[in-house]
Amino acid sequence: MADTPGSIPAAKPRAAELQLPPQTTLYLDALRRLVRNRLAIAGMVILGLLLICAIFAEQLAPYDPLEQELLLRRQPPSAQHWMGMDEVGRDILSRIIFGARISLQIGIVSVSLAIVVGALLGAVAGYKGGWVDDLIMRVMDILLAFPSLLLAIAVVAILGPGLMNMLYAIAFVSIPVYARIVRASVLSVKEQDYVLAARAIGVPPTRILFRNVLPNCLTPLIVQGTLGIATAILDAAGLSFLGLGARPPTPEWGAMLGQGRGSVFTAPHIVIFPGLAIMMTVLGFNLLGDGLRDALDPRLRV
Amino acid sequence: MTRYIAQRLVLLVPVLLGILVITFSMLRLIPGDPARIMLGEHATEESIARFREAMGLNDPIHVQFWRYLTNILHGDLGRAIRTNEKVTVELMQRLPATVELTFGAMFLACIIGIIAGIISAYYHNTVIDLGTMVGALVGVSMPVFWLGLILMYIFGFKLKWLPPSGRLTVGVELQSLTDFFLAGVAEGTWQYKLKPITDFLSNFYILTAILTGNGKALWDALKHLVLPSLALGSIPAAIIARMTRSSLLEVLGEDYIRTARAKGLSERVVLFGHAMKNAFLPVITVIGLQFGSLLGGAILTETIFSWPGMGRLVVDRILARDYPVVQGTVLVIALIFVFVNLLVDISYAYLDPRIRYGS
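In this text, all values refer to a predicted model and were calculated from it rather than measured experimentally.

Engineer: Tell me about the overall build of chain B, and please be specific about residues and values.
Structural biologist: Within chain B, the regular secondary structure consists of 16 helices and 0 strands. Projected onto the principal axes, the alpha-carbon positions of chain B cover approximately 85 × 55 × 45 Å. Counting across all 359 residues of chain B, residues that qualify as buried make up 47%. Counted over contacts in chain B with a minimum sequence separation of 6, partners at least 24 positions apart contribute 73%. Counting every atom, chain B has about 18,100 Å² of accessible surface; 65% of that belongs to carbon and sulfur. Between the averaged position of the 30 positive side-chain charges in chain B and that of its 25 negative side-chain charges there is a distance of 6 Å.

Engineer: How would you sum up the overall build of chain A? Please name residues and give values.
Structural biologist: Secondary structure assignment for chain A yields 13 helices and 0 strands. Seen in sequence order, chain A has helices and strands lined up from the N terminus as α-α-α-α-α-α-α-α-α-α-α-α-α. For 302 residues, the compact-globule estimate of 2.2 N^0.38 gives 19 Å, and chain A exceeds it by more than 25% at 25 Å. Each principal axis of the C-alpha distribution contributes one length, and for chain A these read about 90 × 50 × 35 Å. Of all 302 residues assigned to chain A, the portion counted as buried reaches 50%. In chain A, of all internal contacts separated by at least 6 residues, the share reaching a separation of at least 24 is 70%. A total of about 15,100 Å² of accessible surface is found on chain A, and carbon and sulfur atoms cover 65% of it. Here chain A contributes 24 positive and 20 negative side-chain charges, whose respective centroids are spaced 5 Å apart.

Engineer: Which residues make up the interface of chain A and chain B, and what are the values?
Structural biologist: Every contact between the two is made by 36 residues of chain A and, on the other side, 41 residues of chain B. Carbon and sulfur atoms supply 84% of the area buried between chain A and chain B, which totals about 3,700 Å² over both sides. Of all residues in chain A, A:L150, A:I158 and A:F265 give up the largest surface area on contact with chain B, accounting jointly for 18% of the area buried on that side. The tally of links from chain A across to chain B stands at 1 salt bridge. Between A:D290 and B:R242 there is a salt bridge, with its nearest N and O atoms 3.0 Å apart. Per-element tally for the side of chain A that touches chain B: the top contributor is helix α13 (residues 269-296) of chain A, with 11 residues. Its residues assigned to classes, the side of chain A that touches chain B shows 30 nonpolar, 4 polar and 2 charged.

Engineer: Describe in detail the packing of helix α1 (residues 2-29) of chain B against helix α15 (residues 323-351) of chain B, supporting the description with residues and values.
Structural biologist: All names here are of chain B. Following both chains from N to C, one finds α1 and α15 inclined at 165 degrees, their axes separated by 10 Å at the closest point. In terms of orientation, α1 and α15 fall into the roughly antiparallel class. Two packed elements cross with a definite hand, and for α1 against α15 that hand is right-handed. The residue makeup of the contact of α1 with α15, split by class, is 22 nonpolar, 2 polar and 3 charged.

Engineer: Before we move on, could you go through the pattern of salt bridges and cite the residues and values that matter?
Structural biologist: All names here are of chain B. Applying the stated criterion across every chain yields a total of 19 salt bridges over all chains. The partner of R67 in a salt bridge is D59, and the shortest N-O contact between them spans 2.8 Å. A residue is classified by how much of its surface remains accessible, and D59, at 28% relative accessible area, is partly exposed. A salt bridge links D199 to K195, with the nearest nitrogen and oxygen atoms 3.2 Å apart.

Engineer: Could you give me a rundown of the domain arrangement of chain B, with the residues and numbers involved?
Structural biologist: All names here are of chain B. You can read the domains of chain B as domain 1 (32-76) and domain 2 (92-174 + 214-358). In this structure, domain 1 and domain 2 have C-alpha centres spaced 40 Å apart. Contact residues are listed per partner, giving 5 residues for domain 1 and 5 residues for domain 2. In this assembly, domain 1 packs against domain 2 so that about 410 Å² is buried in total across both faces, 74% of it on carbon and sulfur atoms. The three residues of domain 1 that bury the most area against domain 2 are I37, M38 and Y68, which together make up 81% of that side's buried surface. Counting across the interface, domain 1 meets domain 2 through 0 salt bridges. Seen at the junction of domain 1 and domain 2, the total is 0 residue pairs in polar contact (both at pLDDT 80 or more). Only α2 (34-39) and α4 (61-73) provide two or more residues apiece to the side of domain 1 that touches domain 2. Here the residues of the side of domain 1 that touches domain 2 sort into 5 nonpolar, no polar and no charged.

Engineer: Please give an account of the environment of B:L147 that cites residues and values.
Structural biologist: All names here are of chain B. Along the chain, L147 falls in helix α7 (residues 144-158). Put simply, L147 and G297 are 150 residues apart on the chain and 12 Å apart in space, counted from C-alpha to C-alpha. Sequence-distant contacts of L147, that is, excluding residues within four places in its chain, are made with M142, L230, A231 and S234.

Engineer: Explain the packing of aromatic side chains residue by residue, including any values.
Structural biologist: A complete count under the given rule lists 10 aromatic pairs over all chains for this structure. Between the aromatic rings of B:F24 and B:Y68, the centroid separation amounts to 5.5 Å while the plane-to-plane angle is 50 degrees, which identifies the pairing as tilted. With B:F24 in helix α1 and B:Y68 in helix α4, this pair connects stretches of sequence that are 44 residues apart. Both residues of the pair, B:F24 and B:Y68, count as buried. Members of the aromatic cluster, joined through ring pairs, are A:F265, B:Y153 and B:F157.

Engineer: Can you break down the confidence of the model for chain A residue by residue, with the values?
Structural biologist: Per-residue confidence for chain A gives a mean pLDDT of 86, with 90% of residues at or over 70. In the predicted structure, residues 1-7 of chain A sits below a pLDDT of 50 and forms 1 contact with residues beyond four places in sequence or in another chain.

Engineer: Break down the environment of B:Y153 for me, citing the residues and quoting the values.
Structural biologist: Within the fold, B:Y153 resides in helix α7. As a C-alpha pair, B:Y153 and B:D316 span 163 residues in sequence and 24 Å in three-dimensional space. Beyond its immediate sequence surroundings of up to four residues, B:Y153 is in contact with A:V264, A:F265, A:P268 and B:K158.

How each quantity is defined
Residues numbered from 1 in each chain as written. Chains lettered and ligands numbered in written order. Predicted model: local features only at pLDDT ≥ 70, side-chain atom pairs only at ≥ 80, totals over all residues. Heavy atoms only, no water. Helix = DSSP H or I, 4+ residues; strand = E, 2+ residues; numbered from the N terminus. Buried < 20%, exposed > 50% of the residue type's maximum accessible area, 1.4 Å probe, protein only. Contact = heavy atoms within 4.5 Å. Areas by Shrake-Rupley, 256 points an atom, 1.4 Å probe, with all protein chains shown as cover. Lys, Arg positive; Asp, Glu negative; His and termini not counted. Charge placed at Lys NZ, Arg CZ, Asp CG, Glu CD. Rg over C-alpha atoms; globule rule 2.2 N^0.38 Å. Buried area = accessible area lost by both parts, 1.4 Å probe. Salt bridge = Lys/Arg side-chain N within 4 Å of Asp/Glu carboxyl O. Nonpolar A, V, L, I, M, F, W, Y, C, P; charged D, E, K, R; others polar. Axes fitted to C-alpha atoms, helices over the stretch in contact; angles between N-to-C directions. Parallel < 35°, antiparallel > 145°, perpendicular 65-115°, else oblique. Left-handed = near helix turned anticlockwise from the far one by under 90°. Domains from an automatic or database assignment. Polar contact = N/O pair within 3.5 Å; in protein donor to acceptor, adjacent residues only side chain to side chain. Phe/Tyr/Trp six-rings, centres within 6.5 Å; stacked < 30°, edge-to-face > 60°. pLDDT = per-residue confidence, 0-100.

Okay, structure coming up:
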């Protein structure tokens, strides 16, 4: 309905005259709340620094992370080697910088995998209902009946130790969480009028799923996904520590701790720094995740 | 209440069956021939064939699964490949150490977490509150195994306050319950039948030390328990602290608290007499749920502190490709996890009638 010149003017006052609130969207609003949250900002700063380390590892690392200087084994931090040398004479700082790349990849890739599979399963379960729903959700219940680290260990035991197998294992054990989130959202949206309307005019189910249903579960998925990356990185570090994940000489933080743990009494710096790196990364994702939850869904605030 | 419990037990059946299917398929999902992998590269064709026959790997899969189920119901989890010992025997030796560690960790986590949560809520929106909550956030972000190593270095090595690893100092005598109670009992008597039980219970060092009146061993065992428990309890402590704080803050905003204050009751009576009662319900749930994750964390903690429990057993045997033991341990830990969660749900329903009668 366009205003044509000559139609009755001033019948519709402008938005400004009505003093409507400034135009905003859910995500713009959330972003505004997020940047006001100091802890979330701290998390983003930590993660930003890590991202820079991960992308520019070659340029930032002072030494080759694999090169061994056997004469400098277990040397404590010095002006040349800020974090000292590890048990076979590799520069720990360089290994930690390269390790950022591996840890971020493990966290982000495994959680993305879990979200894709989990969201699909949850959407199908919620949308189809009936025995399909029962079957999928019972299987998810069974997976949740194991402590997650134990299940991940069991999966690695089957597939064999290694970085990729560990990644699959961690993705596998986090599927149920995302399946549950998406299923719950689908159930709450399924009976809404606009979905019924879309069905009534013959929109195909997959299109309804992607256009109308899935966007509604984005908020909990973003929050849970961010916190999930933190858990994934911790679990991955644990598995590598046990010798079930990244193999030496990969500069993975958990593996560095695992290989250096024999030197804890003689050269504590070998275990202190990789552990700090893991802790800061996990803390960063936890801070950001908490901040995102508060920003995206103020009702959940505690 | 009885109906609720019965309902929960029925729901448990498919989960238990699922756990059995998963532990059963572990061995069958290994890429390649499990017999060859378990016996190693240098095994002869003949010994592999014999092993396949002995393990029943040549039978159809449903026959194998049925045998697996009936064996488990008879308490038979197979034999360990490395030691040729019954898996159940190995597990029974390791279980008490893990239980002792989990309880120690939960005990410390509750004390630290609840106190920190109360302090944080009491000094709401002050520096103390912020400090405690940031501390809790750091606590959940710390790798358990790293904290363990650091604690070991500081308290076990530098300050020498506590023993850095193991369950008992070498040289400290701890008589087994069998020797204490059943010494001189002849084979074939009814007392002799108690031997497996006393053997099992003897692996609970603290219990054994108390029952045999051995103060020195008790003190030694408790000292060994502190560091691993602190490491393992760090994450639950942080979660309990956050839950206690938020739950207490919510309750402190209620009308009846205002009434209590208006009556002129002291802040201490309001806090401990009125507010805590209602604030504790969600805290108890969280405590219960944390027991499960402790079982996972125990795997890492036991490795660090050379703690001879089930977690270390499973890691050692994965690396040694001793799958019957891995299968058995995963099964037992999962069963404990499920039953602990069930107990938590039931006790929660008992404490909060709304759950029982609600939709």
